[in-house]
Amino acid sequence: ALASWQADVTYLGVDHGWRTLDTALAVVMIARYLGLAAARVLERSAAHALALPPFLISLACFVRSQRATTFRKRAGLHARWHFWLQAALLALLRAEGARGAEGPR
């Protein structure tokens, strides 16, 4: 959260190490959770599959934010990226919680 705040707020528009750290942490986090979701979907978990649409929306918002030509458009799309990514992670965590309540498979 600190790296994201520093990259997106404190040093917005400035090439800084916080942006590199934020990007690296985001890639690791997304890869980890996407791998988990994919593994569970392969186990035929519909609950985990529900995390896929908001995740894809978040990626679309991120890509579009990087191509935006105005600050206003970039900021709006970047905010949507954060929102939809959190929605995907919440869906994934909820599915994992339900899976844990069912016991090991």
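Note that the structure is predicted; figures quoted are calculated from it, not measured.

1. Observations regarding helix α4 (residues 52-67)
Part 1 of the argument: Its 16 residues give α4 an end-to-end C-alpha distance of 23 Å, which sits within 8% of 22 Å, the value for a rise of 1.5 Å per residue.
Part 2 of the argument: Here α4 has its buried residues at Pro54, Phe55, Ser58, Cys61 and Ser65. Seen end-on, α4 carries its buried residues on one side only, within an arc spanning 120°.

2. Section: the packing of aromatic side chains
Centre-to-centre distance and the angle between the planes together describe a pair of aromatic rings.
Part 1 of the argument: Taken as a whole and judged by the stated rule, the model has two aromatic pairs.
Part 2 of the argument: Consider the rings of Phe83 and Trp84, whose centres lie 5.1 Å apart with planes at 85°: the pair is edge-to-face.
Part 3 of the argument: According to the relative accessible area criterion, Phe83 is exposed, its value standing at 52%.
Part 4 of the argument: Take Trp84: its relative accessible area is 29%, and that puts it in the partly exposed class.
Part 5 of the argument: It is Arg32 that lies over the ring of Tyr33; its NZ or CZ is 5.3 Å from the centre.

3. Overview of the pattern of salt bridges
Part 1 of the argument: Inspection of every chain in the model, using the stated rule, returns two salt bridges.
Part 2 of the argument: Across the pair Glu43 and Arg40 runs a salt bridge, and its minimum N-O distance is 3.9 Å.
Part 3 of the argument: In this structure Glu43 comes out as partly exposed when scored by relative accessible area, which is 37%.
Part 4 of the argument: On the basis of relative accessibility, which here comes to 15%, the residue Arg40 falls in the buried class.
Part 5 of the argument: In this structure, the salt-bridge partner of Arg40 is Glu96, at a minimum N-O distance of 2.8 Å. Taken together, the residues span a long stretch of sequence, with Arg40 in helix α2 (residues 17-42) and Glu96 in helix α5 (residues 71-102) at a distance of 56 residues.
Part 6 of the argument: The exposure class of Glu96 is partly exposed, given its relative accessible area of 22%.

Basis of the calculations
Residues numbered from 1 in each chain as written. Predicted model: local features only at pLDDT ≥ 70, side-chain atom pairs only at ≥ 80, totals over all residues. Heavy atoms only, no water. Helix = DSSP H or I, 4+ residues; strand = E, 2+ residues; numbered from the N terminus. Expected span 1.5 Å × (residues − 1). Buried < 20%, exposed > 50% of the residue type's maximum accessible area, 1.4 Å probe, protein only. Arc of directions from axis to C-beta. Phe/Tyr/Trp six-rings, centres within 6.5 Å; stacked < 30°, edge-to-face > 60°. Lys NZ or Arg CZ within 6 Å of the ring centre and 35° of its normal. Salt bridge = Lys/Arg side-chain N within 4 Å of Asp/Glu carboxyl O.

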